[in-house]
Amino acid sequence: MRLSFLLPILVASAGLYLLMRLRFFFICHPIRTMGEFTSALGDRGARRSLCLALAGTLGVGNIFGVAAGIMIGGAGSLFWLFLSSIFAMIIKYAENLLTFDSKTARGGMAEVIRRVFVKCGDLLAPIYAVMTLALSLFIGSAMQSVAVLDVAEGAFSIRPVIGAVILIILLTPVLIGGARKIENITEIVIPLTTIIYIIMCFSVILINFHRIYEVIKLIISSAFSFRSAVGGLSFVAIKEGFARGILSNEAGAGTSAMAHSTHQGRTPHVAGLFAMCEVFFDSIVLCMLTGFAILLSVDNISAFYTPMSLVSAAFSASLGGFSVYILFGLVFAFAYSTLICWYFYGIEYSSLYFPKIKTIYPFLFLLFILVSRFLNTKAILYVTDSLLLIMTVMTLSAIVKKSNRIADLSFKAQKNPE
């Protein structure tokens, strides 16, 4: 069994274990859970940190990643992506709860790992930080840039090198501005682009709604296909569904805990609820809308060679050629916000753990934008999947080890919401 198959096993096992430990409260009482979240959302600082966290997850992963998953794992991968999102929500809850269960949340999951593993935490925390830095270059810089440059070349015939230079020029002022500037940008960009993208997806779905039963049937049958399977389950679809889900929402990797930690005036339980909501919008809303828009609008998935060409074809087939230009604007806005969010992760971890490379990290980040066009899409996905797997093992180990503490804090908060 390839290492990539470990990811769905780890996420499903840890997610189910946590759901059982917390007595499935968030599934059994969704209205009360949403009420607690919306009540806490009144604080602007909390909203800003949520937008920053969403900037790192919403967007290209929901578009590029979902399309790649369908191309590799078929329609059935969408079913497993949805299932993985249920587990991802509770895992994200645990990540943020542990992050805020200390005097300071700065350092995110690396600090949690250092705190949980007393004997080897001082060694594991820098290793986790290195993984995050590497991931920021591949999933943050390269993958976002590939998506933007691919769409720019198809829609406007902009040469990739020129597009990369333009992207770097537009990024530089924000990167120099620091965390506050990044939060200001994401607070505006994320809500606006998300609403427009949802409207576009719903439009494609409504236009092709007569095929909805056919597509749902295809998703279910492909998810449990006997082809390339053992025991009736398509392992490629399972792996792709879980991998693309984790690629999009990063549950288990623990990365967005750093974004949420910018606003520390929250209880651990409320911080966990914000993380759950992040996964809901990211995977259950946007990923599912993207997947249905593709499957309803495109018949021959195998005719496309890049994920973004597949997405562009799905929208243009239903909404017309002009939709490609709107899609380019949305992809650019999503990728732009994700780029600056991942830069924030990278610069924070380099400041905390590797101050000597802090000065060269910005140049490395911008360099990966330039070279992204020369990197193979499958190679980028392989590297990101491998990094996410290692980080997930570390994060889930910490969560399982502290599961008693997670349950105690959760039950206390449920009994005393104040």
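So, here is what we can say about the structure in this document. (Residues numbered from 1 in each chain as written. Predicted model: local features only at pLDDT ≥ 70, side-chain atom pairs only at ≥ 80, totals over all residues. Heavy atoms only, no water.)

### Considering the overall build of the chain
At step 1: In terms of regular secondary structure, the chain is built from 18 helices and two strands.
At step 2: Classification of the 418 residues of the chain by burial places 60% in the buried group.
At step 3: In the chain, the proportion of contacts linking residues at least 24 apart, taken out of those at least 6 apart, comes to 85%.
At step 4: Within the structure as shown, the chain displays about 17000 Å² of accessible surface, and the carbon and sulfur contribution to it stands at 69%. (Helix = DSSP H or I, 4+ residues; strand = E, 2+ residues; numbered from the N terminus. Buried < 20%, exposed > 50% of the residue type's maximum accessible area, 1.4 Å probe, protein only. Contact = heavy atoms within 4.5 Å. Areas by Shrake-Rupley, 256 points an atom, 1.4 Å probe, with all protein chains shown as cover.)

### Points about unusual backbone geometry
At step 1: Here the phi dihedral of Arg23 falls at roughly 60 degrees; this positive angle occurs in a residue that is not glycine.
At step 2: Locating Arg23 in the fold gives a position in the loop between α1 (6–21) and α2 (25–28).

### Thoughts on the side chain of Thr132
At step 1: Mapped onto the elements, Thr132 comes out in helix α8 (residues 121–156).
At step 2: Given the relative accessible area of 0%, Thr132 is considered buried.
At step 3: Among all residues touching Thr132, those that are not within four sequence positions of it are Trp342, Tyr345, Tyr349 and Met391.

### What to know about the nonpolar core
At step 1: Counting 131 residues, the largest nonpolar core has Ile91, Tyr93 and Tyr197 as the members making the most contacts within it.
At step 2: With 17 residues, the single largest contributor to this core is α8.
At step 3: Tyr93 has contacts with Leu22, Phe26, His269, Gly272, Leu273, Ala275, Met276, Ile406 and Ser410, leaving out every residue within four places of it along the chain. (Core = buried A, V, L, I, M, F, W, Y, C linked by side-chain atoms within 4.5 Å.)

### Thoughts on the packing of helix α6 (residues 76–100) against helix α18 (residues 403–415)
At step 1: Between α6 and α18, the shortest axis-to-axis distance is 10 Å and the interhelical angle comes to 90 degrees. The pairing of α6 with α18 is recorded here as roughly perpendicular in orientation. For the pair α6 and α18, the contacting residues are Tyr93, Ala94, Leu97 and Leu98 in the first and Ile406, Leu409 and Ser410 in the second.
At step 2: Classifying every residue of the contact of α6 with α18 by side-chain character gives six nonpolar, one polar and no charged. (Axes fitted to C-alpha atoms, helices over the stretch in contact; angles between N-to-C directions. Parallel < 35°, antiparallel > 145°, perpendicular 65-115°, else oblique. Nonpolar A, V, L, I, M, F, W, Y, C, P; charged D, E, K, R; others polar.)

### A closer look at the pattern of salt bridges
At step 1: All told, the structure shown has five salt bridges when counted by the stated rule.
At step 2: A salt bridge links Lys92 to Glu278, with the nearest nitrogen and oxygen atoms 2.8 Å apart. Of this pair, Lys92 sits in helix α6 while Glu278 sits in helix α13 (residues 268–297); the two residues are 186 residues apart in sequence, bridging distant segments of the chain.
At step 3: Judged by relative accessible area, which is 0%, Lys92 ranks as buried. (Salt bridge = Lys/Arg side-chain N within 4 Å of Asp/Glu carboxyl O.)

### Some points on the packing of aromatic side chains
Any pair of aromatic rings gets described here by the distance separating the centres and the angle formed by the planes.
At step 1: Taken as a whole, this structure holds 20 aromatic pairs when the rule is applied.
At step 2: Measuring from ring centre to ring centre gives 4.9 Å for Phe79 and Trp80, while their planes differ by 90 degrees; the resulting arrangement is edge-to-face.
At step 3: Looking at Trp80, the relative accessible area reads 8%, which means it is buried.
At step 4: Arranged with centres 6.0 Å apart and planes meeting at 50 degrees, the rings of Phe322 and Tyr325 form a pair that is tilted. Here Tyr325 and Phe322 lie together in helix α15 (residues 322–353), a separation of three residues that amounts to about one turn.
At step 5: On the accessibility criterion, Tyr325 (38% relative accessible area) is partly exposed. (Phe/Tyr/Trp six-rings, centres within 6.5 Å; stacked < 30°, edge-to-face > 60°.)

### Here's the deal with the side chain of Ser350
At step 1: Along the chain, Ser350 turns up in helix α15.
At step 2: Judged by its relative accessible area of 0%, Ser350 falls in the buried class.
At step 3: Setting aside chain neighbours within four positions, we find Ser350 in contact with Leu133, Pro355, Ile357, Lys358 and Tyr361.

### Some thoughts on a nonpolar patch on the surface
At step 1: Nonpolar side chains collect at one region of the surface, where Val161, Val165, Ile169, Ile357, Ile360, Phe363, Leu364, Leu367, Leu370, Val371, Phe374 and Leu375 lie side by side and expose about 1100 Å² of accessible area between them.
At step 2: Per-element tally for the nonpolar patch: the top contributor is helix α16 (residues 361–371), with five residues.
At step 3: In this fold, Leu364 is placed in helix α16. (Patch = residues over 30% accessible without salt bridge, like charges linked within 9 Å, V, L, I, M, F, W, Y side chains within 5 Å.)

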